[in-house]
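Coordinate inspection notes
Residues per chain, in single letters:
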Amino acid sequence: MPDRQSLTGAPCWIDLTSSDPAQVIPFYTDLFGWTADTDEDPQYGGYTIFGKNGSPIAGLGPQQPGNPYGNIWTNYIASEDAQATAAKAADAGGRVMMPPMVVGDQGSMAILADPAGAVIGVWQADQHSGFGLVDEPGAPVWHETLSRNYASVLPFYADVFGWSYESMGDSTEFRYSQAKIGDRMVAGVMDADAFLPEGVPSFWQFYLGVDDADAAVARVTELGGSVQREPEDSPFGRLASVADPLGASFQIMGMRS
């Protein structure tokens, strides 16, 4: 299976900030067959690592007092130097929302906003290198940003993370580029300004693989989650948008042939 966590400039991790971890951990472990290992070391604040087959898949941290942003997933892109990446982001028209900080012996992180306002994390690995599994059921399979300022974010990510692009469409109906590091596709950038509802800002999202999208959506509702977009076929698989019982949204992609 592809090993993306060591590729600088590619998405390498996802984590959830939850207002009630105890409520949503069973949702994710049941839905995806994940295990949940919570670190009781105070320096990590009760951070939980979701895993599958002994490999890390995603993280979950409790919403901290004073943090207004809860029940939301964050994507992280791998960097060899979080300080340098944050400086590049500021120079390229982005904002540093959380300056780089060391996370014990695990690595260093920062939180940025691109010129269109989409929030993206940066991860400089030490002991924690990111995803252990990708591109299979129960693991991340794709990452993309839906942007209200497509023209500004393409050069931003090229400058900050070294992306080049391959266009999949460049019309008013569909404008989308696949980002590449060398010859590897790592993420997508969509011009979403024409169809995002009023008041919805640019954002990053990710897809988790499932064997059967329709069965997974049915299980989401059984477990107390909600369906934001019913399954529909695409050239890449059968896709749906769902949310956990506290409203944190994510995408699923059916991988059944």
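Look a little higher up for the structure.
Reference entry: report on the structure contained in this document. Predicted, not measured: the structure shown is a model, and the values here were computed from it.

Scoring rules and cut-offs
- Residues numbered from 1 in each chain as written.
- Predicted model: local features only at pLDDT ≥ 70, side-chain atom pairs only at ≥ 80, totals over all residues.
- Heavy atoms only, no water.
- Helix = DSSP H or I, 4+ residues; strand = E, 2+ residues; numbered from the N terminus.
- Rg over C-alpha atoms; globule rule 2.2 N^0.38 Å.
- Buried < 20%, exposed > 50% of the residue type's maximum accessible area, 1.4 Å probe, protein only.
- Contact = heavy atoms within 4.5 Å.
- Areas by Shrake-Rupley, 256 points an atom, 1.4 Å probe, with all protein chains shown as cover.
- Lys, Arg positive; Asp, Glu negative; His and termini not counted.
- Charge placed at Lys NZ, Arg CZ, Asp CG, Glu CD.
- Salt bridge = Lys/Arg side-chain N within 4 Å of Asp/Glu carboxyl O.
- Polar contact = N/O pair within 3.5 Å; in protein donor to acceptor, adjacent residues only side chain to side chain.
- Core = buried A, V, L, I, M, F, W, Y, C linked by side-chain atoms within 4.5 Å.
- Expected span 1.5 Å × (residues − 1).
- Pairing = 2+ DSSP bridges.
- Axes fitted to C-alpha atoms, helices over the stretch in contact; angles between N-to-C directions.

**Some words on the overall build of the protein chain**
- Regarding its fold elements, the protein chain presents four helices and 16 strands.
- A globule of 257 residues ought to have a C-alpha radius of gyration of about 18 Å, and the protein chain, at 17 Å, matches this closely.
- For the protein chain, the proportion of its 257 residues judged to be buried stands at 49%.
- Long-range contacts, defined as pairs at least 24 residues apart, comprise 60% of the intrachain contacts of the protein chain with a sequence gap of at least 6.
- Of the roughly 11,600 Å² of accessible surface on the protein chain, 50% is carried by carbon and sulfur atoms.
- Across the protein chain, 12 positive and 33 negative side-chain charges occur, with their mean positions spaced 6 Å apart.

**Some details on the side chain of E144**
- When you line up the elements, E144 lands in strand β9 (residues 140-147).
- No salt bridge is formed by the buried E144; the nearest opposite charge belongs to R229, separated by 7.1 Å.
- Among the polar contacts made by the side chain of E144, one reaches the side chain of Y176 at a distance of 2.6 Å.
- A distance of 2.6 Å separates a polar atom in the side chain of E144 from a polar atom in the side chain of Y207.

**Some words on the nonpolar core**
- Counting 38 residues, the largest nonpolar core has Y28, F32, W34, W73, F250 and I252 as its most contacted members.
- Residue contacts for Y28: discarding those within four places in its chain leaves L16, G33, W34, F50, W73, D244, A248 and F250.

**A few points about helix α3 (residues 150-161)**
- Counted at 1.5 Å a residue, the expected span for α3 with its twelve residues is 16 Å, and the 16 Å between its end C-alpha atoms agrees.
- Residue G162 follows α3 closely and has a positive phi angle near 80 degrees.

**A few points about the sheet that holds strand β5 (residues 72-78)**
- A sheet is described by the order of its strands in space; here eight strands give the open sequence β2-β3-β4-β1-β5-β8-β7-β6, paired in mixed fashion. The open sheet has two edge strands, β2 (35-38) and β6 (95-103), and neither has a second partner. On average, each strand axis in the sheet is inclined to that of its neighbour by 25 degrees, with strand direction left out of account.
- Lying on the sheet, helix α2 (residues 82-91) is in contact with β6, β7 (107-113) and β8 (119-125); it crosses β6 at an angle near 180 degrees.

**Section: the environment of G225**
- Mapped onto the secondary structure, G225 falls in the loop between α4 (213-222) and β14 (226-234).
- Placed 65 residues apart in sequence, G225 and V160 show a C-alpha to C-alpha distance of 36 Å.

**Observations concerning the sheet that holds strand β11 (residues 175-181)**
- On the basis of which strands lie adjacent, the open sheet formed by eight strands has the order β10-β11-β12-β9-β13-β16-β15-β14 and mixed pairing. Both outer strands of the open sheet, β10 (164-170) and β14, are each paired with one neighbouring strand and no more. Neighbour-to-neighbour, the strand axes of this sheet turn through a mean angle of 25 degrees, independent of strand direction.
- Here β11 pairs with strand β12 (residues 184-191) via six bridges, running antiparallel. Bridging across to β12, I181 finds its partner in R184.
- Sitting on the sheet, helix α1 (residues 21-32) touches β13 (203-210), β15 (237-243) and β16 (249-254), and the angle it makes with β16 is about 5 degrees.

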